[in-house]
Amino acid sequence: MKNIKILAPCGILGYGYPKSSFLNGMALKPDAIVVDAGSTDAGPHKLGAGVAIVSQRSYKKDLEIMMVEGAKAGIPIVIGSAGGSGGKVHVEWSLKIIKEIIHEQSLHHLKIAVIWADIPKNIIQDRLHSNKVNPLGLTVKELTKNRLEETSSVVAQMGHEPIVKALEEGADLIICGRAYDPSPFAAVAAYHGLPLSYGYHAGKILECAALCAVPGTTKDCMLGIITQEGFTITPLSDDRVCTPLSVAAHTFYEKDHPYLLHGPGYVLNLEDCKFTQLDEKSVYVTGSKIEKTDPYTIKLEGAIKVGYRTFVVAGVRDAIMISKLEEIEQLAKEQVKNYYSDIPCEDYQIHFMNYGLNAVIGELETNKGLPHEVGIVFEVLAKTQELANTVCGTLRSTLLHYGYDGRKSTAGNLAFPFSPSDIPFGPVYEFSVYHLMEVKDGYEMFPIEYLTL
């Protein structure tokens, strides 16, 4: 029975993994090394600011082992969403590190494929007029011409098709711009003639590496073995095992539907999946199905700068203040706005997050018991950093000494863990483009460039 083996080192390139686990995987003679390097989980900042998710040092440390061992074995290495957000600046940042490794390790023979995922704004604008660009969800603001022009850059999640093409062209190292997380894994399966359904489902699990194991982590290596009839997930550390429950649970990770998973041009249907314990640490999965979508759509991601942030972290331990904290915060907020009545209200915003009360799920919180202490994070978002600093400083001093009913001491309401207490954050971004765009096929928007260094 034909099978292919994919080694997944870690959940995001740069998160780290034990070299011993990686070498355990290499000893099993994998057909490819595939790693996801990006995510929008942390929001739009990395895309908007053009910065990486991880440090250059950690990225290089992870990548060097992969490139050296992959070159020895003569197998392809595929990196999805290079640099974190997969835009041009992120891919170029990745390429700089890769060039360093190539020169230091004498890997000049490697054939490199770069698959770009940047989408020209004029194409988006044209397809908006043709009703071929639609928001992904009800909370996405209208994509006007001005918002599109002010967006720093736009990327799209590629499917497996351009990656398969690069494999067919004999690329040793494939650097993808923004990619749908399972796509690089599915591409290896498709390249070897195995079912896309199992390639995408295995990719959905492997892209987070050992998060599907017990104990779970994104910082350890996994092996996926894909066949015509199903796939197997195996930890590469003696410290971890997979169970049907742990693998099935991770199948539900980051999904808005219990068994349907939408991707570029396809919908993965997992309703009839079976998860079977194969041996003491491996799980075998069958029953995954996949269907093409018509039209073929790709997810667009773009970020726009909306202002500047200054924030404060403080603690409260007065039971009286805690019992009426939201009321006090609202009164302090009104006092600040009255003081700055000369500044238009739309030029800044004030937000409070009360950790220990309802900071995580807000009004959905059902546990209404009062804690003995609360951590407060309050922020000001404003048009300029100077304005954010100014308003936040006034808000902090107002809240620090606010005289609420029942207060017994005037020494101060807040305990600050840091000095200075006010922390200028810098530019703040929001997703301006979070849309689906119709395309001809999976190749149309993702040009491939081949390099030999």
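Residues numbered from 1 in each chain as written. Predicted model: local features only at pLDDT ≥ 70, side-chain atom pairs only at ≥ 80, totals over all residues. Heavy atoms only, no water.

A tally of regular secondary structure across the chain gives 13 helices and 19 strands. A globule of 453 residues ought to have a C-alpha radius of gyration of about 22 Å, and the chain, at 25 Å, matches this closely. The principal-axis extents of the C-alpha atoms in the chain amount to approximately 75 × 50 × 45 Å. The buried share of the chain, reckoned over its 453 residues, is 53%. Within the chain, counting contacts between residues at least 6 apart in sequence, those at least 24 apart form 78% of the total. Of the side-chain charges in the chain, 42 are positive and 53 negative, and the distance between the mean point of each set is 3 Å. (Helix = DSSP H or I, 4+ residues; strand = E, 2+ residues; numbered from the N terminus. Rg over C-alpha atoms; globule rule 2.2 N^0.38 Å. Buried < 20%, exposed > 50% of the residue type's maximum accessible area, 1.4 Å probe, protein only. Contact = heavy atoms within 4.5 Å. Lys, Arg positive; Asp, Glu negative; His and termini not counted. Charge placed at Lys NZ, Arg CZ, Asp CG, Glu CD.)

On to the packing of aromatic side chains, then. Aromatic ring pairs are defined here through the distance separating the ring centres and the angle between the ring planes. Counted according to the given criterion, the structure contains 8 aromatic pairs. Here the aromatic cluster, defined as three or more aromatic residues joined through ring pairs, consists of Tyr-180, Tyr-200 and Tyr-266. The ring centre of Tyr-450 lies 5.0 Å from the NZ or CZ of Lys-111, which sits over that ring. (Phe/Tyr/Trp six-rings, centres within 6.5 Å; stacked < 30°, edge-to-face > 60°. Lys NZ or Arg CZ within 6 Å of the ring centre and 35° of its normal.)

Moving on to the sheet that holds strand β14 (residues 289-292). Strands sit in the order β10-β11-β14 across an open sheet of 3 strands; the sheet is antiparallel. At either end of the open sheet lies a strand with only one pairing partner, and these are β10 (260-263) and β14. In this sheet, neighbouring strand axes are inclined to one another by 20 degrees on average, regardless of whether the strands run parallel or antiparallel. Where strand β11 (residues 266-269) lies against β14, 4 bridges are found, and the strand directions are antiparallel. Following the sheet pairing, Val-267 is matched in β14 by Glu-291. (Pairing = 2+ DSSP bridges. Axes fitted to C-alpha atoms, helices over the stretch in contact; angles between N-to-C directions.)

If you walk through the whole model with that rule in mind, you get 16 salt bridges. Ionic pairing is found between Arg-178 and Asp-181, a salt bridge with its closest N-O pair at 3.6 Å. The same class applies to Arg-178 and to Asp-181, which are both buried. Residue Glu-301 is joined to Arg-178 by a salt bridge in which the shortest nitrogen-to-oxygen separation is 2.8 Å. On the criterion of sequence distance, the pair formed by Glu-301 in strand β15 (residues 296-316) and Arg-178 in the loop between β7 (173-176) and α8 (183-191) is long-range, its members being 123 residues apart. In this pair, the class of Glu-301 matches that of Arg-178, namely buried. Salt bridges sharing common partners tie together Arg-178, Asp-181, Lys-299 and Glu-301. (Salt bridge = Lys/Arg side-chain N within 4 Å of Asp/Glu carboxyl O.)

Let us now look at a nonpolar patch on the surface. Judged by side-chain polarity, Tyr-355, Val-360, Ile-361 and Leu-364 come together as a nonpolar surface patch covering roughly 450 Å² of accessible area. By secondary structure assignment, the location of Tyr-355 is in strand β16 (residues 348-355). Assessed through its relative accessible area of 40%, Tyr-355 is described here as partly exposed. (Patch = residues over 30% accessible without salt bridge, like charges linked within 9 Å, V, L, I, M, F, W, Y side chains within 5 Å. Areas by Shrake-Rupley, 256 points an atom, 1.4 Å probe, with all protein chains shown as cover.)

As a further point, take the pairing of strand β1 (residues 3-8). In terms of strand pairing, β1 meets strand β8 (residues 222-227) through 6 bridges, oriented antiparallel. Bridge pairing in β8 places Leu-7 opposite Leu-223. Pairing of β1 with strand β2 (residues 32-36), which is carried by 2 bridges, proceeds in the parallel orientation. Looking at β2, one finds that Leu-7 is bridged to Ile-33. Following the chain from β1 across helix α1 (residues 19-26) to the adjacent parallel β2, one finds a crossover that is right-handed. (Right-handed = clockwise from strand over helix to strand, strands pointing away.)

Right, let's get into the layout of surface pockets. The computed volume of the largest pocket comes to approximately 980 Å³. Forming the boundary of the largest pocket are 37 residues, of which Gln-157, Tyr-180, Glu-254, His-262 and Lys-299 lie nearest the centre. Top contributing element to the lining of the largest pocket by residue count: β10, with 4 residues. Each residue belonging to the lining of the largest pocket can be placed in one class, and the counts come to 17 nonpolar, 10 polar and 10 charged. Each pocket or cavity is described by its volume, and for the second largest pocket that value is around 390 Å³. Along its surface, the second largest pocket is lined by 19 residues, and Glu-326, Asn-354, Leu-357, Asn-358 and Gly-362 are the ones closest to its centre. Put simply, the parts of the chain that give the lining of the second largest pocket at least two residues each are α11 (319-323), α12 (325-339) and β16. (1 Å grid on protein atoms, 1.4 Å probe; cavity = no way out; pocket = protein on both sides within 12 Å on 5 of 7 lines; lining within 4 Å. Points joined across faces, edges and corners; volume = space filled by probe spheres on them. Nonpolar A, V, L, I, M, F, W, Y, C, P; charged D, E, K, R; others polar.)

A separate point is the environment of His-262. By the element assignment, His-262 lies in strand β10. Owing to a relative accessible area of 53%, His-262 belongs among the exposed residues under this scheme. Along the chain, His-262 and Glu-291 lie 29 residues apart, while their C-alpha atoms are 9.8 Å from each other. Contacts of His-262, omitting those with residues within four sequence positions, involve Tyr-180 and Val-267.

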